[in-house]
Structures are given as structure tokens and as C-alpha cells.
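Here is what each chain is made of, one letter per residue.
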Amino acid sequence: MNRAYLDKLFTVVLAGVLAGLALAAAALPAALVFGLGVKNLMPYTALPEALKTPQPAQRSNLYANDGRTLITSFYVEDRVDVPVGEVAPVMRDAIVAAEDVRFYEHHGVDVRGVARAFTANRREGTRQGASTLTMQYVRNALAGDTRLTEEQRAAATEITVGRKIREMRYALTLERQVGKDEILGRYLNIAYFGAGAYGIAAASKRYFSTTPERLTLAQAALLAGLVRSPADDPINGDADAARQRRAYVLDRMVETGRVSAADAEAAKATELALKPNTTPNDCAAVPADHNDWGFFCDWFTQWWNAQPAFGENVDERQRTLRRGGWRIVSSLDPDVQAKASEQVRAIYPETIARAAPTAVVQPGTGRVLAMAVNRTYGTAANPDGQQNYPNTVNQLVAGGGGITGYQAGSTFKLFALLAALESGLPLDTEFDAPRVYVTQYPVGAGPASCGGRWCPANANTYWMDGDRDMWDAFGRSVNTYFAWLTERVGADRVVEMAQRLGIVFRAPADAKMAREGAKSWGPFTLGVSATTPLDLAGAYAAVAAEGTWCRPTPVTSITDPAGRKVAAGNTDCRQVLDTEVARAAADASRCPVGDQSMYRRCDGGTAEELAPGLRRPVAGKTGSSERNATETVVAFTPQLSVATIAANPDDPRDAVGGGVQKRQIAAVGRILAWSLRDEPVRDFVPPGQAVAFQHTSPRTGN
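Residues numbered from 1 in each chain as written. Predicted model: local features only at pLDDT ≥ 70, side-chain atom pairs only at ≥ 80, totals over all residues. Heavy atoms only, no water.

Q: Please provide a residue-by-residue account of the state of the cysteines, values included.
A: In the structure shown here, the tally under the stated rule is four disulfides. At a sulfur-sulfur separation of 2.1 Å, the disulfide partner of cysteine 283 is cysteine 297. Taking the torsion about the S-S bond as the criterion, the cysteine 283 to cysteine 297 disulfide, at about -80 degrees, is left-handed. Placement of cysteine 283 in the loop between α14 (261-268) and α15 (293-305) and of cysteine 297 in helix α15 is noted, with a sequence separation of 14 residues between them. For the residue pair cysteine 283 and cysteine 297, the accessibility class agrees, reading buried in each case. (Disulfide = S-S within 2.5 Å. Helix = DSSP H or I, 4+ residues; strand = E, 2+ residues; numbered from the N terminus. Buried < 20%, exposed > 50% of the residue type's maximum accessible area, 1.4 Å probe, protein only.)

Below, the structure written as C-alpha cells:
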């Protein structure tokens, strides 16, 4: 029997002793002993996926659209992997000296170490371990694998002889398949260094605000010492104990010839010189000077939680986010966000109950560049009687979490306009709009009820009544024209058009009406359903993009730790309108904001001051709900769509009044001007003569 065989057999026997189980070695099945101890006599244990392709929990980082500006991180363990080649050699030497001085000599199980531990542990009051660095890595990798259940991970650290033997078998097999430097790198990336830092990259940043490749001898020795005793971290624990551990590591490095005695003494005399740096975690940890990013971050988590690619339910998707090590480049543009936040506060300060949630969306991609509202993102207490101001984490811009949205008034006339164009009616469809129009739609009692029929009235008789076509009816926002138009095409088609362009019915009553009573929902055309600035900006963006609707998205790209892009980060776009229909709607939408249609048919608008200040082609619409409870402005160019709604999210009875709309128009104009300052001036493509002037069959070509 050769010496190698005896050494390995002795390892197994002593492992049983160290586990504290009498006669454990004698009880081990012969096949197990031979499988562990005899090279080539039996196959080594097959490695689990956790050791073949390790996936320890890593933090996910959310960046702005430049790919560099960190918005926040999400993690249960602050860790990000780095290649071993990017770790300073002195750090590699320090961890070997501290944890496994014979790492480069054994094959995964150190027989001498086991014998030494066995001898020491027989002495009363002493206890030594015999785990090699490779065995430690095996244990940590199994305990931290994100693909395993909690029970499986717990089994990886249970104190049993079976677990110890399994570790040895895996360690021996791993070293047959993976090089020493790769194992060392994996160990450095998975080890816990205290103070919430997992892995050498997080530890370098946490303690010294540096990177692993820039660690000094003193810094490396300190970190290496913390692996054995992370509770002694000098930030939250015992600085003196950390110094003692550092000195121990330095002495071991001298013994192994990795550093000179003089260099070790100099390092021992070095002050700890800590530069603590914390990694933000979750949306509440966005940079303090960019608190307004919190609402975008919050919506990002809503979006992530709805993606089936990341798990079967919300809990699984959150675990995937916080353990998966994703690099997420968001759509947030910090410059556009800053301007939007500034302009929102020009509409309303954050100290009053009324809010002006605003969204900025890119046509053709659905990427959301900004989400702003006059609130502080956070859970700090508010003064008595103030539920959601100045502090809130409620999603006032995108809806959800109890926020159903706000009435957007005449901005919904776009959906009647589109439904009519799609049905074959041209832009020059004329109607002699009266002051009041009695429709066929049944309604309850109220100011817009004439004998139980819906009968809307024009807000300004002199300016709105009379012979109108789609251009000037949309520009002047003629209620009775659009009530008549809705009757012609069918209210259900108007509702369906809104849904097709991304309007979500979050209020249960609205959802029920859309589902069961759309044919009789004539008032829908005047914006009685609740919506959000994000939905509205996305709907108008589809017109700007010539009929291509894109689901609003907070991301530009998502890559996994290996650098592979995942499909969930792609845009979700589809052609939902005939191109000519979209072009015609854009042409009519130039009238409300003071621009001119391609056929020179605009004759007055509700926001005529917007276009002259912008000095580029622009389209849009304003909207006022009943008694000016809310006010809405939407504006778009071929490159950008902006929507803002003034409302009191906590009290719909608090009417914001018509005066705020002037401030909204100015704010939207400034957001567009700033955001497009370096962009080329682009015009809308004119609609063809047929969609402008001819009745045709339904226009559903694409």
C-alpha cells in the first residue's frame, strides 16, 4: 500500500474523529473511503452545479442611461465578482497565509493539517479546524448558491460527519478540474469580510474606498485577518482585535517568505486609515442630492416585479434581483430628470397637497427618461393632517400600489379622433357643433344629463360652437363635436383605442365599465376615466412614432454577471395604428399647441403659447376635468413626449382650478426645450390627401 493511499485514508479516519463521532472512521463504507482516497480506482464525486458554475449571491446595480451614474443597488449580500487577476498579489498572498499556508501544496485536503488539528484537539481546552481553503470555498459555494432552496443551503453548513466528508470529496474533485488560482479567486469573491461586505471587491470598497488591485500590504493583511473573525471588523467591532489579526497575518506572511520582516513591521506600525464607504441598497438609498430619482427607482421595482423572466411570483423575482448580480442600465436621463423636477416645482412646491406628477417618454422605444413630482421620496413622518406630502413613496407618476390615477379631461379626445380616422372618416369631417349636444348614451342625474341622456356642453360658446372639422375641433377642444364623433364610430371603439395605446384602467369601476359597458360609455371621450401621466405620455408617444406603441420601460439593457444581455431588457414595441392614421392624428394635434398643420387647417388652440417658445414642430393637447378638479397638458415632438397632470392625490374634491394650466404649459415647454437642446429639429411626416380629405374603407393597413 503506497504512502499516498495511506495519507488519504488517514485523512478520512481523522475527519470522523474531528467531527466528534466515535468510531466514525471505522463505520465509513469501504466504497466511500476508496472513492475519496484512491486515485483512479473509483471515479471522484461528481460536482454539483454550484461548484461547476458557481452563482453566489451578488448585488445588482441600477445605473442611469449613461451606464456610469449609479442610481442604487439591490442586494442581500453586498458582493460583486472580480477576476483573480484583478486582485493585488499581496492580497492573494495574505489570504493564503491567513487561511491555508499549504494551499499550493495539497490537492484539496491537507493531511498534515488534519493530523495537526487532531493532535491539538486532543489537548484539553483547544480546538483547531482542518478545513483547507478549497474546502472552505466548497462549503461557502454550496451555502450561497442562488439556485438552491433555503433547506439545501442550510444543509451545506450543518455540523455532521457526512457534510465534512462530502466537502473533502468535492474539494479533491474540484482541484482535479479547476486550477489553484481560479479556486483562490472564487474564494476571495465569496468570503465574508465583515461589515456587510461579501467578496474582496465589496470589502476593498467598504473599508478603504478602493479596488482589490490597489490594496496595500497593510490593507490586505487586515482584510485577510477578518475572514476568520468578521465580527472584529474595525468599523463596527473591535479595532484592536482587527490590528491583532492583521499582525498575525503579517507574521504568517513572513514565515512563508511572502514578505520581509522589515516590510511586515512597517505594515504593523501603519494606522488602519479606514475610509468607510457604504453601498446603497434599495430605492430609499438613492443619493441624497438626487432624492427625486427615488420615484423612478420605485417604478423600476414595480416593472421588475411584473417580469415573468425573473421568477414565477414577486418573491422569486425580488430574490433574483437581490442575489443575481445584474447590471441594469436604466432609461433615466439625469439631465432631463433634473429639469423635469425643477419645472414640476415651478408648477407646485412640495409643501402643498396638490401635486403635478410628470412623465417624459421617448417615442419609438418607450424608454422613460424622467419621472418627476413635487414630493420628497421617503417614509419620514408628515405633519398632522398631511397624508402624502411633503414625503411619500406612493407611485404618483405611474400609478399602482393604491394609486389609480387622475381624470385627464379632453386629452382623451385623441382616442375618439384616432377611432374616427381608423374607421375611414377624414380629418375634414365637418359637424355644426351646438352649445349642447344630446347623445344616445344613458347617464344618471347631473349637469350633463338631459332626460337621462348624456348631453355635454362646450366650455366657451363663442369660441367653440359652429361648423368644425377635426383640426379645429381638436385645437379648440370642442366637446359637442367629439360627443357627436363618438356616436358615429362607437364608444366601445374609443375605449378599445385607449387600451390599445396603453391606457390601464386601475380603478375597479373604470375597469368594469370598460369590460361590461363600453358601448354606452360616451363620457369616456371627455376623460372621465382615471389615468396617469406615464400612460398618457406613452399613448401620445405612439402617435409621435407614427403608430408604433412601445410599452413604457425603465431599462435600456440588463446583463447578467457573465456579461450576457437578457431579453427582458429589450423594448416591447408593436405597430398598433395604420401609419397614415397616426400621421393624421399628429397633424391635428399641432392645432392645440399653437403650431400649424401641414394643410394649414389649424385655427386656434387651447395652448397656443407653447409652440412659439419651443421653435420646433410640436403637437399636443390640454385637458380639464369637471369643475377643473384636475388639469392636464401633453406635448410631443417626434423625439419626445411629456405629460403632466395637476391634481390632489389625496382629495379629489380639492379642485386645482384652471389657472394652473398656464404654469403646466410653460413647464412642459421648458422640459421639451431643455431635453431637445442638442437634438436636430425634426418635423412630422405629413398625412396623405386621402386621410385628410376622403372618406374611405377602414384604415387598418398596418
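Q: Describe in detail the environment of isoleucine 165, supporting the description with residues and values.
A: Within the secondary structure, isoleucine 165 is located in helix α9 (residues 161-177). As a C-alpha pair, isoleucine 165 and arginine 258 span 93 residues in sequence and 32 Å in three-dimensional space.

Q: Requested: an account of the side chain of asparagine 479, with residues and values cited.
A: Relative to the elements of secondary structure, asparagine 479 occurs in helix α21 (residues 479-489). A distance of 2.7 Å separates polar atoms of two side chains, one belonging to asparagine 479 and the other to lysine 413. Not counting chain neighbours up to four residues away, the residues in contact with asparagine 479 comprise Ser410, Lys413, Ala457, Asn458, Ala459 and Leu526. (Polar contact = N/O pair within 3.5 Å; in protein donor to acceptor, adjacent residues only side chain to side chain. Contact = heavy atoms within 4.5 Å.)

Q: I'd like a description of the pairing of strand β15 (residues 555-559), backed by residues and values.
A: For a regular strand, side-chain orientation follows a simple rule: the groups alternate between the two sheet faces. Along β15, four of the five residues are buried, which leaves the element largely enclosed by surrounding structure. Of the strand pairs in this sheet, strand β3 (residues 327-330) and β15 are connected by four bridges, and their pairing is antiparallel. In the sheet register, serine 330 faces β15, and the bridge partner there is valine 555. (Pairing = 2+ DSSP bridges.)

Q: Help me get a handle on the sheet that holds strand β1 (residues 60-63), residues and values and all.
A: Strand order across the open sheet formed by four strands is β2-β1-β3-β15, with mixed pairing between neighbours. Only two strands of the sheet have a single neighbouring strand rather than two, namely β2 (70-74) and β15. For this sheet, the mean angle separating the axes of adjacent strands, direction not counted, is 15 degrees. Examined bridge by bridge, β1 and β3 share three bridges and lie parallel to one another. (Axes fitted to C-alpha atoms, helices over the stretch in contact; angles between N-to-C directions.)

Q: Describe in detail the sheet that holds strand β18 (residues 631-636), supporting the description with residues and values.
A: Taken in spatial order, the five strands of this open sheet run β5-β4-β19-β18-β17, and their pairing is antiparallel. Pairing within the sheet leaves two strands with one partner each, and these edge strands are β5 (368-372) and β17 (619-624). Taken pair by pair, the neighbouring strands of this sheet meet at an average axis angle of 5 degrees, ignoring direction. In the sheet, strand β4 (residues 358-361) pairs with β5 via four bridges, with the strands oriented antiparallel. Each residue of the ladder has a partner; that of threonine 358, found in β5, is alanine 372.

Q: Describe in detail the environment of leucine 369, supporting the description with residues and values.
A: Take leucine 369: it is sitting in strand β5. With a relative accessible area of 10%, leucine 369 lands in the buried category. Expressed as a C-alpha distance, the spacing of leucine 369 and tyrosine 137, which sit 232 residues apart in the sequence, is 43 Å. Setting aside anything within four residues of it in sequence, one finds leucine 369 in contact with Ser331, Leu332, Asp333, Val336, Gln337, Val360 and Leu640.

Q: Provide a residue-level description of the pattern of salt bridges, including the pertinent values.
A: Summed over the entire model, instances satisfying the criterion amount to 36 salt bridges. Residue arginine 506 pairs with aspartate 535 through a salt bridge whose shortest N-O separation is 2.8 Å. Note that arginine 506 is positioned in the loop between α22 (491-500) and α23 (508-516) and aspartate 535 in helix α24 (residues 533-544), a separation of 29 residues in sequence. Taking relative accessible area as the criterion, arginine 506 reaches 25% and is therefore assigned partly exposed. Across the pair glutamate 609 and lysine 662 runs a salt bridge whose closest N-O atoms are separated by 3.3 Å. Here lysine 662 lies in helix α27 (residues 660-675) and glutamate 609 lies in the loop between α25 (579-589) and α26 (610-614), a separation of 53 residues in the sequence. (Salt bridge = Lys/Arg side-chain N within 4 Å of Asp/Glu carboxyl O.)

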